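The lines below spell out each chain.
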Amino acid sequence: MTEGVQVSGSLRTRLAITLTGGAAVLAVLLFIVVRNYAAQIAQQGQDSILSASVTSILDAAVIRDGVVEIDFPYASFSMLSTPMDDRIFYAIYQDDTLLSGYGDLPRTSGTATRAYQGSPVRLVTASRVLIGANVRTRISVTVAQTQDALSGTLSRISRNVALFGAGFFALATLLSIWATATTIEPLKRLTTSVTRRGPQDLSPVAKPVPLEMVPLVASLNSLMARLGQSLKQSEDFIAEAAHRVRTPLATVRSYAEATLQRVDREENRQALRSMIRAIDESSRAAGQLLDHAMITFRADHLERDDLDLVDLLRELVLRLTPVAEMKDIDLHLQADGPVIINGDPILLQNALRNLIDNALKYAPGESVITIRVDAQPRVQVEIRDQGPGFPPDEIDGLTGRFSRGRNAAGTIGSGLGLTIAQDVAAAHGGTLALSNLPEGGACVTFSL
Amino acid sequence: MRYLFSVILCLWPLWTMAQDWEDRQVFQGTDASRTLRILSSTDTSFFEPIIASFLAKTPELSVEYLVIGTAEIDQRFRQAPDRYDVVISSAMDLQLKLANDGFARRLGGVAHPDWAQWRESLFAFTSEPAAIVVNRAAFEGQALPRTRQELIQALRARPDVFRGRLGTYDVRDSGLGYLFATQDARASETYWRLMEVMGSLGTRLYCCSGDMIDDLSDGTIAVAYNVLGSYASARQQTDGRIAVILPSDFPTTMMRTGFVSSQAQHPQDAARFVRHLISLQSDPVSKDSLPLPPLSTDSAGQSAIALEPALLTYLDGLKRQTFIKEWVSAIVQP
Ligand SMILES: Nc1ncnc2c1ncn2[C@@H]1O[C@H](COP(=O)(O)OP(=O)(O)OP(=O)(O)O)[C@@H](O)[C@H]1O
Ligand SMILES: [Mg+2]
């Protein structure tokens with residue numbers, strides 16, 4: 001089915017990669033943005049507490065008798081307690097001299113992060129001018145805190161956000177798989193509906209398709225319409241041609257026959273016989289062609305009817321009896337009772353006539369042709385003769401168009417009989433099987 | 001006892017000789033190859049059974065137990081943190097500052113309540129309230145005061161009985177005394193009124209709870225304020241002359257804490273010792289067999305002074321200056 005088609009990538013893969021790739025990028029972006037945002041907020045929280053601590057110390061600064069006193073509240077430091085027991089450091093400067101605290105604490109302004117005693121600390125510094133009786137001095141306070149609780153919070157947030165991102169990605173992947181499948185689905189449906197069609201079915205796709213597929217389906221429909229059109233035209237042409245050939249041929253044959261009666265010289269009679277034979281040959285071919293074209297045409301839209309197969313065969317046998325009697329052949333119809341099927345009577349008749357016709361043609365005189373109809377296990381008609389059977393090496397190709405066996409050398413025929421029978425069987429969903437009987441003779445099984 | 005410990009009286013390197021200790025004892029393990037040096041403010045007698053049970057488990061160690069005051073511990077340890085493996089002190093503020101300044105080693109996986117530890121490096125192992133201890137004779141026929149307020153009233157009611165017969169820590173010398181005083185001052189204004197009253201009657205200042213209790217017993221003083229309850233209760237059992245009162249208005253409860261030096265010579269052994277100490281002190285079974293009061297489990301440390309960096313507040317130079325100035329002006333009256 002797919003051989004000869006050039007493949008360039010897969011829509012499904014491309015769609016899936018685009019969707020999941022997009023989801024992955026989004027997930028990573030989400031992680032980075034949320035994490036940074038959380039980090040910022042957490043840092044702001046620490047900064048504001050540190051600022052509050054600094055402010056409460058600065059507020060406690062007073063000048064008493066020209067000496068700076070800072071009786072800062074217990075809360076200045078107790079507000080800095082964290083669940084991770086972060087370490088705190090502070091330094092209080094009057095102008096540039098250390099009043100108390102950690103003298104080696106880095107001096108910064110505003111907020112900053114520095115390494116101190118081997119770990120990163122956040123420092124907040126603020127200052128205030130004190131004015132005494134005759135002094136004017138600047139007190140600056142730095143409070144610093146390690147970032148254990150902060151980094152604990154951050155890593156917890158990171159883990160949660162990472163989990164969230166991974167969940168988002170997994171969900172998006174599932175969703176993209178589902179979306180891809182549903183997007184591809186109509187394409188698949190169209191493919192199966194086109195693939196499942198019989199070889200003759202050129203009807204337009206009738207089921208609704210998604211908007212994007214409309215141009216494709218429309219051009220497919222129009223292609224099939226044109227194809228059907230041209231097929232029909234050629235069939236019509238053949239039928240017309242065959243018809244046109246057959247009528248004059250019949251006239252020519254009757255003239256030739258009449259002339260044969262009147263001609264006495266042996267060589268002339270011989271020539272006339274060859275002529276009649278050629279005419280028969282052509283007319284048979286034209287007839288078969290016509291039938292074949294008709295069958296090809298009707299195969300698409302069978303005119304089904306409930307009919308009794310046995311009845312149909314009985315009628316056929318009756319009609320062919322004169323021909324059989326000429327060869328002293330006994331046509332033997334075997335059936336256990338009526339076999340009712342639903343089918344196109346004209347086609348079935350045509351097919352079965354061709355099969356019986358073959359048996360009559362290739363079996364020797366004074367023999368028996370058995371036509372057996374079975375309803376179980378499946379409906380089938382079996383036609384056996386006592387002739388030479390099919391040439392074993394050619395048996396597989398005999399159903400092909402215009403294909404004739406070696407044994408058919410002397411008989412008139414076009415090689416379309418089995419083709420017609422097989423096409424009719426196929427149009428009814430059945431098969432045609434050729435075999436040779438062990439006791440000699442051909443056996444054709446036409447099953448529906 | 002299955003093992004033997006003895007006091008070694010032999011020559012030690014010069015630096016140990018150069019330092020004078022309140023007490024210094026070596027507990028020899030039966031199979032000792034290393035010596036754990038413990039710097040402590042707690043009297044040896046309180047720690048003897050703990051060290052003994054530790055050595056029973058780890059005979060390959062000896063323990064050198066060095067006793068000195070809390071303020072001294074802070075000074076000596078800061079100078080040479082590599083000389084000591086474990087530091088034990090009742091001055092929570094100084095201990096916390098040491099831990100805050102990076103002198104304490106973090107011990108992972110110690111199952112200890114949050115309120116009784118700081119940074120997994122400083123561990124509390126006792127709960128000891130500050131008590132009012134009185135000489136019963138001085139309150140003959142009088143109700144014993146139950147709160148600071150009642151104590152103030154009692155002092156005011158009979159100033160002649162109490163004049164010159166009051167005692168408390170000298171907060172300038174004693175780290176623990178300073179801790180109790182600052183926490184009291186933080187809790188209530190009553191503290192300052194009490195100090196004023198005590199100051200007006202004349203108060204003796206002490207370095208240690210032991211001395212105060214001694215003077216109470218023989219009647220030199222009638223009331224001691226902010227005595228370590230654990231010491232006083234131990235004495236009360238053998239000495240009927242004193243009574244221990246835990247003030248019911250607000251309790252000030254100290255927790256003894258210990259940590260492993262960040263530069264310990266034997267950090268693993270030191271950690272083992274601290275774990276052993278904690279588990280003994282938190283175990284309700286060993287409660288009665290050990291002389292040290294256990295870590296209280298009921299109150300979940302509610303009433304105890306919180307182990308938090310706020311303890312640094314009163315260690316601040318400016319704060320200390322201000323506080324001492326106020327305290328001195330209250331209690332040391334001409
Ligand atoms: N009953 C049979 N016994 C032996 N050979 C047969 C029999 N039926 C068919 N054949 C062989 O199969 C060939 C194909 O048969 P088919 O009916 O298609 O063509 P045909 O009989 O030659 O021509 P026509 O189109 O006129 O029927 C025959 O030429 C013949 O060789
Ligand atoms: Mg035929």
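Report follows, based on the coordinates. (Residues numbered from 1 in each chain as written. Chains lettered and ligands numbered in written order. Predicted model: local features only at pLDDT ≥ 70, side-chain atom pairs only at ≥ 80, totals over all residues. Heavy atoms only, no water.)

Across its full length, chain B holds 12 helices and 13 strands. Accessible surface, chain B: about 13,500 Å² in total, of which carbon and sulfur atoms supply 50%. (Helix = DSSP H or I, 4+ residues; strand = E, 2+ residues; numbered from the N terminus. Areas by Shrake-Rupley, 256 points an atom, 1.4 Å probe, with all protein chains shown as cover.)

Before going further, it helps to spend a moment on the interface of chain A and chain B. Each partner contributes to the interface: chain A provides 25 residues, whereas chain B provides 24 residues. Between chain A and chain B, a total of about 2,000 Å² is buried, with carbon and sulfur atoms accounting for 49% of that surface. Looking at the side of chain A facing chain B, the largest losses of area belong to Tyr74(A), Asp85(A) and Arg87(A), adding up to 35% of the total buried there. Our enumeration of links across chain A and chain B arrives at four salt bridges. The salt bridge involving Lys319(B) is made with Asp71(A); its shortest N-O contact spans 2.7 Å. Viewed at the interface, chain B and chain A are joined by 14 residue pairs in polar contact (both at pLDDT 80 or more). Counting residues per element, the ones that place at least two in the side of chain A that touches chain B are strand 2 (67-70), helix 2 (75-78), strand 3 (88-94) and strand 4 (97-101) of chain A. The greatest single-element share of the side of chain A that touches chain B, amounting to four residues, is contributed by strand 3 of chain A. Here the residues of the side of chain A that touches chain B sort into 13 nonpolar, six polar and six charged. (Contact = heavy atoms within 4.5 Å. Buried area = accessible area lost by both parts, 1.4 Å probe. Salt bridge = Lys/Arg side-chain N within 4 Å of Asp/Glu carboxyl O. Polar contact = N/O pair within 3.5 Å; in protein donor to acceptor, adjacent residues only side chain to side chain. Nonpolar A, V, L, I, M, F, W, Y, C, P; charged D, E, K, R; others polar.)

Turning next to the site of ligand 1. Residues and elements named next belong to chain A. With respect to spatial proximity, 22 residues lie near ligand 1, and among them Arg-284, Asn-358, Arg-404, Asn-407 and Ser-414 are the closest. Separating an oxygen atom of ligand 1 from a side-chain N or O atom of Asn-407 is a distance of 2.6 Å. The separation between an oxygen atom of ligand 1 and a polar main-chain atom of Gly-415 is 2.9 Å. Protein chains bury 99% of the 590 Å² of accessible surface belonging to ligand 1 in isolation. Under a 2 Å grid-point criterion requiring more than half of the atoms, the pocket assigned to ligand 1 is the largest cavity. Only helix 5 (266-300), helix 7 (345-362) and helix 8 (417-427) provide two or more residues apiece to the shell around ligand 1. (Near = heavy atom within 4 Å. 1 Å grid on protein atoms, 1.4 Å probe; cavity = no way out; pocket = protein on both sides within 12 Å on 5 of 7 lines; lining within 4 Å. Sits in = over half its atoms within 2 Å of the grid points.)

Attention now goes to the state of the cysteines. All names here are of chain B. Evaluated as defined, the whole model comprises one disulfide over all chains. In this model Cys-207 forms its disulfide with Cys-208; the gap between the sulfur atoms is 2.2 Å. Negative torsions about the S-S bond denote left-handed disulfides, and the value of about -80° found for Cys-207 with Cys-208 makes this one left-handed. Classification of Cys-207 by relative accessible area gives partly exposed; the value is 40%. (Disulfide = S-S within 2.5 Å. Buried < 20%, exposed > 50% of the residue type's maximum accessible area, 1.4 Å probe, protein only.)

In this section: the pattern of salt bridges. Counted under the stated rule, the structure contains 39 salt bridges over all chains. Glu69(A) is the partner of Lys325(B) in a salt bridge, and the nearest nitrogen-oxygen pair spans 3.0 Å. With one member in each of two chains, Lys325(B) in helix 12 (residues 317-331) and Glu69(A) in strand 2 form a pair that bridges those chains. In this structure, the salt-bridge partner of Glu72(B) is Arg76(B), at a minimum N-O distance of 2.9 Å. With a gap of four residues between them, Glu72(B) and Arg76(B) both fall in helix 3 (residues 70-79), about one helical turn apart. Given the relative accessible area of 30%, Glu72(B) is considered partly exposed.

Turning to the packing of aromatic side chains, a few remarks are in order. Residues and elements named next belong to chain B. This structure, assessed with the given rule, holds 21 aromatic pairs over all chains. Their ring planes at 75° and their centres at 5.6 Å tell us that Phe-77 and Phe-259 sit as a pair that is edge-to-face. Note that Phe-77 is positioned in helix 3 and Phe-259 in strand 13 (residues 257-260), a separation of 182 residues in sequence. Given the relative accessible area of 0%, Phe-259 is considered buried. For the ring pair Tyr-191 and Trp-192, a centre distance of 5.3 Å and an interplane angle of 65° mean the geometry is edge-to-face. Across the pair, exposure class does not vary: Tyr-191 and Trp-192 are buried alike. (Phe/Tyr/Trp six-rings, centres within 6.5 Å; stacked < 30°, edge-to-face > 60°.)

Before going further, it helps to spend a moment on the packing of helix 9 (residues 209-217) of chain B against helix 10 (residues 229-238) of chain B. Residue and element names in this part refer to chain B. With their axes 10 Å apart at the nearest point, helix 9 and helix 10 run at an angle of 35° to one another. Where helix 9 crosses over helix 10, the two elements pack in a sense that is right-handed. In contact with Ser-209, Gly-210, Ile-213, Asp-214 and Ser-217 of helix 9, helix 10 contributes Tyr-231, Ala-232 and Arg-235. (Axes fitted to C-alpha atoms, helices over the stretch in contact; angles between N-to-C directions. Left-handed = near helix turned anticlockwise from the far one by under 90°.)

The next point concerns the sheet that holds strand 13 of chain B. Backbone hydrogen bonds hold the strands of a sheet together, and the pairing may be parallel or antiparallel. Residues and elements named next belong to chain B. The mixed open sheet is built from seven strands, whose spatial order is 1-3-2-4-13-6-5. Across the chains shown, the open sheet's two edge strands, defined by having one partner strand only, are strand 1 (23-27) and strand 5 (117-118). As judged from the five bridges shared by strand 1 and strand 3 (residues 61-67), these two strands associate in the antiparallel manner. The partner of Arg-24 across the bridge, within strand 3, is Leu-66. Where helix 2 (residues 44-57) meets the sheet, it contacts strand 1, strand 2 (34-40), strand 3 and strand 4 (86-89), and its direction lies at approximately 170° from that of strand 3. (Pairing = 2+ DSSP bridges.)

Of all hydrophobic cores here, the largest spans 139 residues; its most connected members are Ile70(A), Phe47(B) and Phe273(B). In contact with Phe273(B), other than residues within four places in its own chain, are Leu36(B), Ile38(B), Phe47(B), Ile50(B), Ile51(B), Phe54(B), Val86(B) and Ile88(B). Judged by nonpolar contacts, the second largest core, of 44 residues, contains Leu307(A), Leu418(A), Ala425(A) and Leu434(A). (Core = buried A, V, L, I, M, F, W, Y, C linked by side-chain atoms within 4.5 Å.)

Summarising the element assignment, Thr322(B) is placed in helix 12. What makes Thr322(B) buried here is its relative accessible area of 11%. The contacts of Thr322(B), once residues within four sequence positions are left out, are Glu69(A) and Asp71(A).

A separate point is unusual backbone geometry. Residues and elements named next belong to chain A. Going from Gln-376 to Pro-377, the amide bond is cis rather than trans, its omega being -10°. Here Pro-377 shows up in the loop between strand 11 (368-374) and strand 12 (380-384). Residue Asp-85 is not a glycine yet carries a positive backbone phi of 55°. Looking at where Asp-85 falls in the secondary structure, it is placed in the loop between helix 2 and strand 3. One non-glycine residue, Phe-402, adopts positive backbone phi at about 60°. Turning to its location among the elements, Phe-402 is positioned in the loop between strand 12 and helix 8.

Moving on: a nonpolar patch on the surface. Residue and element names in this part refer to chain A. Among the surface-exposed residues, Val-25, Leu-26, Leu-29, Val-33, Phe-168 and Phe-169 lie close enough to one another that they form a single nonpolar patch of about 530 Å² accessible area. Every element with two or more residues in the nonpolar patch is listed here: helix 1 (11-59) and helix 3 (148-195). A per-element tally of the nonpolar patch places helix 1 first, with four residues. With respect to the element layout, Val-33 can be found in helix 1. Look at Val-33 and you get exposed, because its relative accessible area is 52%. (Patch = residues over 30% accessible without salt bridge, like charges linked within 9 Å, V, L, I, M, F, W, Y side chains within 5 Å.)

Note that every value here comes from positions in space, so none of it alone points to a role or purpose.
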